[in-house]
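Observations on the three-dimensional arrangement
One-letter residues, chain by chain:
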Amino acid sequence: MSFNESHQVVRLNKTNTYYSTQTKYYSILLSYIQYIHYFCIIKLKHMLPANCPSCHSTLKVKCLKCENCQTEVTGLYDLPALALLSTEDQQFILRFVINSGSLKEMASELKLSYPTVRNMLNEIINKIKKDEE
Amino acid sequence: MFNPFTRIAGWQAFGLGLVFVVFMGVIGTYSNVSFNGALDAHFVQHMTFISSFTLLTIDLTSLILVMWITGLIISKGFRFIDILGTMTLAKAPLLIIAFAGYFNKTIFQNTIPANPFEMFQSVTFIVIMIISLFSMIWNITLMYNAFKISCDVKGSKLTIAFIIALVVSEAVSQIVIYKLM
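Everything numeric in this text was worked out from a predicted model, so none of it was measured. (Residues numbered from 1 in each chain as written. Chains lettered and ligands numbered in written order. Predicted model: local features only at pLDDT ≥ 70, side-chain atom pairs only at ≥ 80, totals over all residues. Heavy atoms only, no water.)

A few words on the overall build of chain B. Looking only at helices and strands, chain B has 7 helices and 2 strands in total. For chain B, the succession of helices and strands along the chain, N to C, is α-β-β-α-α-α-α-α-α. Computed over C-alpha atoms, the radius of gyration of chain B comes to 17 Å, within 12% of the 16 Å expected from 2.2 N^0.38 for 181 residues, which places it in the range of a compact globule. Expressed as lengths along the three principal axes of its C-alpha atoms, the size of chain B is roughly 50 × 30 × 30 Å. Taking all 181 residues of chain B together, 49% fall into the buried category. At a minimum sequence separation of 6, the contacts of chain B that also span at least 24 residues come to 72%. (Helix = DSSP H or I, 4+ residues; strand = E, 2+ residues; numbered from the N terminus. Rg over C-alpha atoms; globule rule 2.2 N^0.38 Å. Buried < 20%, exposed > 50% of the residue type's maximum accessible area, 1.4 Å probe, protein only. Contact = heavy atoms within 4.5 Å.)

Tallying secondary structure elements over chain A gives 5 helices and 2 strands in all. Written out in order from the N terminus, the α and β elements of chain A read α-α-β-β-α-α-α. Residues counted as buried form 21% of the 133 residues belonging to chain A. Sequence separation of at least 24 residues holds for 32% of the intrachain contacts in chain A that already meet a minimum separation of 6. Accessible area for chain A stands at about 10,500 Å²; split by element, carbon and sulfur atoms hold 58% of it. (Areas by Shrake-Rupley, 256 points an atom, 1.4 Å probe, with all protein chains shown as cover.)

As a further point, take a nonpolar patch on the surface. Together, Tyr30, Phe49, Phe99, Tyr102 and Phe103 of chain B make up an exposed nonpolar region whose accessible area comes to about 560 Å². Within the element layout of this structure, phenylalanine 99 of chain B appears in helix 4 (residues 94-100). (Patch = residues over 30% accessible without salt bridge, like charges linked within 9 Å, V, L, I, M, F, W, Y side chains within 5 Å. Salt bridge = Lys/Arg side-chain N within 4 Å of Asp/Glu carboxyl O.)

So, on to the interface of chain A and chain B. Across the contact, 12 residues belong to chain A and 15 residues belong to chain B. Across the interface of chain A and chain B, roughly 900 Å² is buried in total on both sides, 43% from carbon and sulfur atoms. Counting across the interface, chain A meets chain B through 2 salt bridges. A salt bridge links glutamate 123 of chain A to lysine 154 of chain B; the shortest N-O distance between them is 3.0 Å. (Buried area = accessible area lost by both parts, 1.4 Å probe.)

Before going further, it helps to spend a moment on the confidence of the model for chain B. Parts of the model with low pLDDT should not have their predicted coordinates read in detail. All names here are of chain B. Confidence in the prediction for chain B averages 85 pLDDT; 91% of positions are at 70 or higher. When the elements of chain B are averaged for pLDDT, helix 5 (residues 118-121) gives the smallest value, 68, and helix 3 (residues 80-89) the largest, 92. Across the interface, the model reports ipTM at 0.79; the global pTM reads 0.72. (pLDDT = per-residue confidence, 0-100.)

Applying the stated criterion across every chain yields a total of 6 salt bridges over all chains. Of the charged contacts, one joins aspartate 82 of chain B and arginine 79 of chain B as a salt bridge, the two residues approaching to 3.0 Å between their closest N and O atoms. A relative accessible area of 0% means that aspartate 82 of chain B is categorised as buried. Here arginine 79 of chain B falls in the partly exposed class, since its relative accessible area comes to 27%. Linked by salt bridges that have partners in common, Arg118 of chain A together with Arg79 and Asp82 of chain B make up one network.

Moving on: the packing of aromatic side chains. Residues and elements named next belong to chain B. Here the structure, examined in full by the defined rule, presents 7 aromatic pairs over all chains. Ring centres of phenylalanine 49 and phenylalanine 53 lie 6.4 Å apart, and the angle between their planes is 10°; this geometry places the pair in the stacked category. Of the two residues, phenylalanine 49 and phenylalanine 53 are both situated in helix 2 (residues 49-74); the distance of 4 residues between them amounts to about one turn of the helix. Seen in terms of ring centroids, phenylalanine 147 and phenylalanine 162 are 6.2 Å apart; in terms of plane orientation they differ by 45°. Their pairing is tilted. On the criterion of sequence distance, the pair formed by phenylalanine 147 in helix 6 (residues 123-151) and phenylalanine 162 in helix 7 (residues 155-180) is long-range, its members being 15 residues apart. According to the relative accessible area criterion, phenylalanine 147 is buried, its value standing at 0%. By relative accessible area, phenylalanine 162 is classed as buried at 4%. Through a chain of ring-to-ring contacts, three or more aromatic side chains come together here, namely Tyr30, Phe49 and Phe53. (Phe/Tyr/Trp six-rings, centres within 6.5 Å; stacked < 30°, edge-to-face > 60°.)

Moving on: the confidence of the model for chain A. Residues and elements named next belong to chain A. For chain A, the average pLDDT comes to 74, and 65% of its residues sit at 70 or higher. Contacts for the low-pLDDT stretch residues 1-19, under 50 throughout, to residues beyond four places or in other chains number 17 contacts. Between residues 38-44, whose pLDDT stays under 50, and residues either more than four places distant or in other chains, the model counts 0 contacts.

Okay, here's the thing in structure tokens:
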């Protein structure tokens, strides 16, 4: 069901006073989906894109702006190495730093085994090395 | 079921694996199942506690040592305890074969060569064979995943190294059993 369709169903439920329990649960579920959908859009809006949506090449930074005095700096800058990683990898690095670089603590936090967490870190290291090359 | 090592490894896996191995030794003694090789399980006419646990120790030691040496050759930065723990826990499915030995009362290994078709007349034996085959496949899959996660190797390198290590560990365990027992 599309986003618009789900809106229509909710509106219909609001106008009808008597609706079945099944419809009630259905509307709750739809509201939940809309809530998730809303936050997904916000998250995507604020995420720094690293790859071109058309050809998937690595993007470069063209313009930087000061919010205070509106000064704009234009050029062609490389994205930082961490920005090139996926959101999951960035989150992993963030958790790794917060846990003082302890893989054991990371493993207990993520409820994964020590070698699994170490392998995840190895994968990120390999990605960064590949990007550096 | 086939890859618990993403959640459990190291000492935890070793402790849990040891519980399974001890049960295998005890049940195998009473059900007359001999684990005489890193990949072997046979129904025999008589088993003792000493021989059952000696065989299990040889199997496990040869498997862990060979896998560890293979890991050292193809990988770096892994812990011995992960190989020890995950490989010990990977033996758990063989407990099913130890249980299956209880139901195998009619046909023993010694009688099969004299009359090879006799075993296909017993439905129990065929069921036991299927269950044993499933347990062995499960055991090998677990060992493969244990090696993959512990040593962090992938692709054809992983597959080739694992097959070689498995064959070598089987050969080593057979030689040690032959020399010691």
